[in-house]
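# Structure at a glance
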Amino acid sequence: MIDEIIDLKKEQIASANRPRYKYSIAARILFLAMDIVTGRKSTLSKAKLLETLACIPYREWEIRQYIRMTRRYRNQEFVNWADAILKWGRAAQDNEYMHLLVMNEKMKEDGIKDAWYLFPFIPYFMVLSYIPLSRMLALFSIRRAFLFMAEFEDHAEHVYAQFVSENPEWDEQPVKNELVKTYADVDTWGDVFRRVGLDERDHRNNCFAACGKPEYIFKYEGMPSSNDLFY
Ligand SMILES: [Fe+2]
Ligand SMILES: [Fe+2]
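Now for a quick tour of the structure. (Residues numbered from 1 in each chain as written. Chains lettered and ligands numbered in written order. Predicted model: local features only at pLDDT ≥ 70, side-chain atom pairs only at ≥ 80, totals over all residues. Heavy atoms only, no water.)

### Looking at the coordination of the iron ion (ligand 1)
Protein-derived coordination of the iron ion (ligand 1) comes from E51 (OE), E51 (OE), E96 (OE), H99 (ND1) and E200 (OE), at a distance range of 2.0 to 2.5 Å. Donor residues for the iron ion (ligand 1), ordered by position in the chain, follow E-x44-E-x2-H-x100-E. In this structure the iron ion (ligand 2) is found 3.8 Å away from the iron ion (ligand 1), and E96 serves as a bridging donor for the pair. Highlighted residues: E51 in helix α3 (residues 44-71) and E96 in helix α4 (residues 76-110), separated in sequence by 45 residues. (Donors = N, O, S within 2.8 Å, 3.2 Å for Na, K, Ca; no water. Helix = DSSP H or I, 4+ residues; strand = E, 2+ residues; numbered from the N terminus.)

What follows is the structure, given as structure tokens:
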């Protein structure tokens, strides 16, 4: 299994030590808006909101590429490129959705209630605002959409790396939950969150590769070959 050769602790430290990407004004506004609603401190409720939003651009890209592939089916080179984006979008949104389920299981296990901003209408309003924003950005420039997502994922990777170091008790908390075990077959909740953070790095790497900035890819030992999709 691939996770056996990945040193999750080492990669969490590497994520934390790597300087953040120099975020655009648009990305800074998004992160600030999130902090205003949820507070600056990382919490499981905040992670659930982040994961809810994280699926959206991938879903929008998938829909967009499917339409374009159908329209331009005679152009094999284009179809291959669009198909790669579509498959990546499907896998990434499934992975983000799994993160959401994992956060939910952790909250259930610890008996933590959802924060106020996870009750309707706030997530609905945020999702309904983010869908047209993602759609418009992809329509305007798909490469800019990839770069914007790379910024989002870079931010997420750093958030999870810090979140784990703020909660050392997770390294003493064994994972017994069957659903979480299907996501990551690791011993402790600390490693589950490290795995989530490393998934965000995979997403980040693919986004940077897809937008033509492969120099920002941050490799690690045991990186899955599916990451070779764009580089
Ligand atoms: Fe995620
Ligand atoms: Fe992600």
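### Brief notes about the environment of N80
Position of N80 among the secondary structure elements: in helix α4. Residues N80 and M107, spaced 27 residues apart in sequence, show a C-alpha to C-alpha distance of 41 Å.

### Quick notes on the nonpolar core
As a rule of thumb, soluble globular proteins bury nonpolar side chains together. Counting 58 residues, the largest nonpolar core has W61, W88, F146, Y160, W189, V192 and F193 as its most contacted members. The set of elements that each furnish at least two residues to this core consists of α2 (25-38), α3, α4, α5 (122-140), α6 (142-166), α7 (178-183) and α8 (189-210). In terms of residues, this core owes the most to one element, α6, which gives 12 residues. Beyond its immediate sequence surroundings of up to four residues, F146 is in contact with W61, W81, I85, W88, C207, A210 and C211. Among the nonpolar cores identified, the runner-up in size contains five residues, and F78, V79, A82 and L86 belong to it. (Core = buried A, V, L, I, M, F, W, Y, C linked by side-chain atoms within 4.5 Å. Buried < 20%, exposed > 50% of the residue type's maximum accessible area, 1.4 Å probe, protein only. Contact = heavy atoms within 4.5 Å.)

### As for a nonpolar patch on the surface
A surface patch of nonpolar side chains, about 430 Å² in accessible area, is lined by F121, Y124 and L128. Along the chain, Y124 turns up in helix α5. (Patch = residues over 30% accessible without salt bridge, like charges linked within 9 Å, V, L, I, M, F, W, Y side chains within 5 Å. Areas by Shrake-Rupley, 256 points an atom, 1.4 Å probe, with all protein chains shown as cover. Salt bridge = Lys/Arg side-chain N within 4 Å of Asp/Glu carboxyl O.)

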